[in-house]
Structures are given as C-alpha cells and as structure tokens.
Amino acid sequence: MWEKFLKLLKKDERVVLGLMSGTSADGLDIALVKVSGKTQDLRFSLEFFKSIPYPKDLREKIIRAYNPNVSTVKDITELNFALAREHVKMIKGLGLQFDLIGYHGQTVYHMPEAGATLQLGEADVLAVELGVPVVHSFRTKDMALGGQGAPIVSYFDWVVFGRESGTATLNIGGIANLTYLSKKRENVIAFDTGPGNCLIDVVVNKYYSQPFDIDGKIAKKGKIRDDVIELLMMKDADYIEKSPPKTTGRERYNEEFLDGIKCPPKDLVRTLTRFTALSIHLNIKKHVPKTKKLIVTGGGAFNPVLTDDIRSFGYEVEIPDKTFVEAKEAIAIAVLANEFLNGVTTNIPNVTGAEREATLGKLSLPF
Ligand SMILES: Nc1ncnc2c1ncn2[C@@H]1O[C@H](COP(=O)(O)OP(=O)(O)OP(=O)(O)O)[C@@H](O)[C@H]1O
Ligand SMILES: CC(=O)N[C@H]1[C@@H]2OC[C@@H](O2)[C@@H](O)[C@@H]1O[C@H](C)C(=O)O
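What counts, and where the lines are drawn
Residues numbered from 1 in each chain as written. Chains lettered and ligands numbered in written order. Predicted model: local features only at pLDDT ≥ 70, side-chain atom pairs only at ≥ 80, totals over all residues. Heavy atoms only, no water. Helix = DSSP H or I, 4+ residues; strand = E, 2+ residues; numbered from the N terminus. Rg over C-alpha atoms; globule rule 2.2 N^0.38 Å. Buried < 20%, exposed > 50% of the residue type's maximum accessible area, 1.4 Å probe, protein only. Contact = heavy atoms within 4.5 Å. Polar contact = N/O pair within 3.5 Å; in protein donor to acceptor, adjacent residues only side chain to side chain. 1 Å grid on protein atoms, 1.4 Å probe; cavity = no way out; pocket = protein on both sides within 12 Å on 5 of 7 lines; lining within 4 Å. Points joined across faces, edges and corners; volume = space filled by probe spheres on them. Pairing = 2+ DSSP bridges. UniProt positions renumbered as here; feature names shortened; annotations may be inferred. Near = heavy atom within 4 Å. Areas by Shrake-Rupley, 256 points an atom, 1.4 Å probe, with all protein chains shown as cover. Nonpolar A, V, L, I, M, F, W, Y, C, P; charged D, E, K, R; others polar. Domains from an automatic or database assignment. Buried area = accessible area lost by both parts, 1.4 Å probe. Salt bridge = Lys/Arg side-chain N within 4 Å of Asp/Glu carboxyl O.

A. The overall build of the chain, seen in detail. Secondary structure summary: the chain contains 13 helices and 12 strands in total. Against the 2.2 N^0.38 benchmark of 21 Å for 367 residues, the chain shows a C-alpha radius of gyration of 20 Å, consistent with a compact globule. Expressed along its principal axes, the backbone C-alpha trace of the chain runs to roughly 65 × 45 × 35 Å. Taking all 367 residues of the chain together, 57% fall into the buried category. Taking the contacts inside the chain whose residues are at least 6 apart along the sequence as the reference set, 69% of them involve residues at least 24 apart.

Shown next as structure tokens:
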C-alpha cells in the first residue's frame, strides 16, 4: 500500500482531480488536471471540467448550515459525511481515472478574527470510496500560523500569471477576491474585496425565486438608486477601508446586511450590482492603486451588467475562455494538492498574515 503511495510521490507528472465547492453552494466544480513540475516551472493542462449542481435539498441544508441561529451540531455532523457521499456519487458517475484528489470542502463558517474556519466534507470518505490519496483542509495550517487561511488561490495566480505587471486577477464568486500580481512571490497582495454575487443572489432568490440574475437580465431593467448606494457604503466602509490581510464571507454578506433597505426589487438588483462593482473599485483604489488590468473569473464574469460597471471605473477587463472562468478555482485546488506531494510551500504570508510559509493541506490515505 505504502509502496504505491511512495511511487506517486516520485512521479513528475500526476493526474489530479481538483474539487471546489464555493460559497454560492451551487454545486461541485470538478477539474481533471495533468500537472508536472513545481512552483514557477509548473505546467498544467485541463483534461476535463464539469460543474455538477447540488440536489435542491442538499443546497438548502448547506445554506441553513451557514446560519448559526438555526444550524445545530447534529446538522453539521451529518452534513460533513452527507456532502462527501454526494461528492463521491458525482465523481463515480463520470468514470474518470486519476492519481490524487485535491478536496477543498464546503466552507460553512469563516472567522479570521477568531482564527477559526470550517470546511465540511469528510476526506476519508473520498479516499476510501475512490481509492486514491486525498489532500484536503488547505486553510487550517495557515490559520494555525496566525494567518487568515484565505485567499489560497493567490499561490496559483502567482504561478500562472505572476509575470504580468499592473494586473490583478479578480474572482467574482459568492465573495469577490483579488490577487495583485508580482513576479516576486513576497510582493503579491491578495484579499477579499467583499461581496461578489452573494448580495445579488439573496435578492433574486427572495423576489424572483431564481438562484441568480441570469446574464444580468433583471439588473438591466432596474435603476441605480443613489440613496441605497449611500446606505450600503455606510454599512461597508469599515471593510473597504480595512488594510489587507483581510478575508470575509457569508457570515457578513447575507440577508441581514440588507436590513433597513427599502427599494423595488429590480432597482435593488441593479443597485446591488453597481455596489458590488463599486466596492471592488474602492478596494483597488485604496489598497492596490497601480492596478490597470483585471483578469476576471468566477460566475460574476458572466453578468455583463456587473462587468460593464467594473469597466466603467477605467479598468481593462479581460475575461478568459468560459471553461477557465468556471474551472479556475478547481484547477488551483488540484495544483495545491500536487504541490503538497512535491513538498512545496503554498501560502503567501504577505497575503494571509501567517508568520511563515508552509505546505498547505492534510493527507487522507485510502488504505
Ligand atoms: N450567466 C450568469 N449570469 C449572471 N450571474 C451568473 C451567471 N452564471 C453564474 N453567475 C453568478 O455566479 C455565481 C456562482 O459563481 P461561482 O461558482 O464562481 O461562485 P462560488 O465558487 O460558489 O463562490 P466563491 O468563489 O465565493 O467561493 C452564481 O451564484 C451567480 O450569482
Ligand atoms: C474561507 C473561504 O472559503 N473563503 C473563500 C471565499 O470564496 C471567495 C473568497 O471567499 C476566498 O477568500 C475563498 O476562496 C478562494 C478559493 C481562496 O481562498 O482563494
């Protein structure tokens, strides 16, 4: 058993399955990636990608788990295994071959100030059922070292895009996070800017019974309400002003964040779209003002109202091909898992605030 694993450690090229389930809780992103080399000599090719939506009841359980006022320890315990079993079912259905899995798990609560974060999805279930080693829990060691445990994709951004200057990558998922690129790893700056699609999603869910504002169609019909922007700015000024390292989550940007706002739904969707772009812009202006170009990924890249709003602040906005836009985070998780086997450090202390570099991840073996 160990022999097979030791052989895998010595391989230069590995086929890695990267699994990412983001804060939107919309499903599992599955990327099959061939990876060779390490750090800035790393090469990867995406062999397969699919995003499989969660069954409705599982999505509801995840969203409920986010809310400390209603979720119980029993819910969390069950969900930890239920999620992993659902993930196994999804993967088995694809009939793929791979050497290793990188498993992000589902973040249900993130408390960087308290130095705590929780990702659910029991890695041992995947290791046993799928018969390969699983690297998981990528955030905890950075937190043990006093860091925020996020963003962790900035390592991948540095490896892949690090040679660009005046450029930042921007992933607009539930939360938006940005990496300001630099050739020198120690000069990379990355942080969460605040809401990505999550506030828009909350309103669209509530008033239109849709999971999100498809292609910005609702926003296109609404008007920007300056009084609501002002109110939102007052609520969010503390986070925008705060210097990195900083990360956030659905604990802050949820329905409660919109308390006290009165506005017709379509105007609210339009206004929240504008506010999301504005919060990204103000964060850039304050913390990484040399940014001229943004490489935008994540589901928000498919909302033209949002991307046009971002462009309106004067940035060159580049949107990579559709598969990369959707797959980037899952590819990054595959790369982090591969670097774990290479024994490479993957956090960036300048980004997370950790006291030193470390190899992120824990290993779950199938035997
Ligand atoms: N065609 C589209 N039009 C508008 N918005 C879209 C479209 N496709 C996806 N989105 C938005 O993108 C969201 C999903 O994005 P993504 O999968 O990148 O988020 P995530 O990975 O769950 O979040 P995070 O990166 O914060 O963990 C959806 O909830 C939706 O708001
Ligand atoms: C704690 C947590 O799961 N954070 C996520 C979330 O989603 C976007 C943003 O907030 C980012 O900080 C992070 O994910 C990416 C993958 C990261 O760590 O780079």
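B. A look at the side chain of Thr273. Topologically, Thr273 is positioned in helix α10 (residues 265-287). A polar contact of 2.7 Å, which involves the side chain of Thr273, links it to the backbone oxygen of Val269. Ignoring sequence-local partners within four residues, the contact set of Thr273 consists of Ile200, Ala219, Asn303, Val305, Leu306 and Asp309.

C. Quick peek at the environment of Leu282. Relative to the elements of secondary structure, Leu282 occurs in helix α10. Expressed as a C-alpha distance, the spacing of Leu282 and Ser51, which sit 231 residues apart in the sequence, is 32 Å. Leave out the neighbours within four places in its chain, and Leu282 touches Met233 and Ile240.

D. Examining empty space enclosed by the protein more closely. Taken as a whole, this structure holds one cavity of 30 Å³ or more when the rule is applied. Its boundaries defined by the atoms lining it, the largest cavity holds a volume of some 30 Å³. As for the largest cavity, its lining consists of Val153, Asp157, Thr169, Leu170, Asn171, Asn177, Leu178, Thr179 and Lys328. Within the residue set of the lining of the largest cavity, elements represented by two or more residues are β7 (167-172) and β8 (175-180).

E. Quick look at the pairing of strand β5 (residues 116-120). In the sheet, strand β4 (residues 100-111) pairs with β5 via five bridges, with the strands oriented antiparallel. If you follow Tyr109 over to β5, its bridge partner there is Leu118. Here β4 folds back onto β5, and the loop between the two strands holds four residues, one of which, Gly115, carries a positive phi near 70 degrees.

F. Just the UniProt feature "binding site: ATP" (unreviewed entry) in the chain, in detail. With numbering matched to this structure, UniProt assigns "binding site: ATP" (unreviewed entry) to Gly22, Thr23, Ser24, Ala25, Asp26, Gly27, Leu28 and Asp29. Note on placement: Ser24 falls in the loop between β1 (13-21) and β2 (27-36). Those residues within four positions of Ser24 in sequence are excluded, and the remaining contacts are Arg59, Ile63, Gly173, Gly174, Asp201 and Arg250. Tracing the sequence through the fold places Asp26 in the loop between β1 and β2. In this structure, Asp26 is in contact with Ile52, Pro53, Tyr54 and Arg59, ignoring residues within four places of it in sequence.

G. Broad picture of the site of ligand 2. Close to ligand 2 lie 13 residues; Thr107, Arg139, Ile152, Val153 and Asp192 are nearest. Within the side chain of Thr107, an N or O atom sits 2.5 Å from an oxygen atom of ligand 2. In the environment of ligand 2, an oxygen atom lies 2.8 Å from a nitrogen or oxygen atom belonging to the side chain of Arg139. Compared with its free state, where it exposes 430 Å², ligand 2 has 96% of that area covered by protein. Split by residue class, the shell around ligand 2 holds six nonpolar, four polar and three charged. Counting residues domain by domain, the shell around ligand 2 receives three or more from each of domain 1 (2-150 + 330-364) and domain 2 (155-314).

H. Geometry of the domain arrangement of the chain. On domain assignment, one finds that the chain holds domain 1 (2-150 + 330-364) and domain 2 (155-314). A straight line from the C-alpha centre of domain 1 to that of domain 2 covers 24 Å. Facing the 32 residues of domain 1 at the interface are 26 residues of domain 2. Interface of domain 1 and domain 2: buried area, both sides summed, is about 2300 Å²; carbon and sulfur atoms make up 53% of it. Linking domain 1 with domain 2 are two salt bridges, by the criterion used here.

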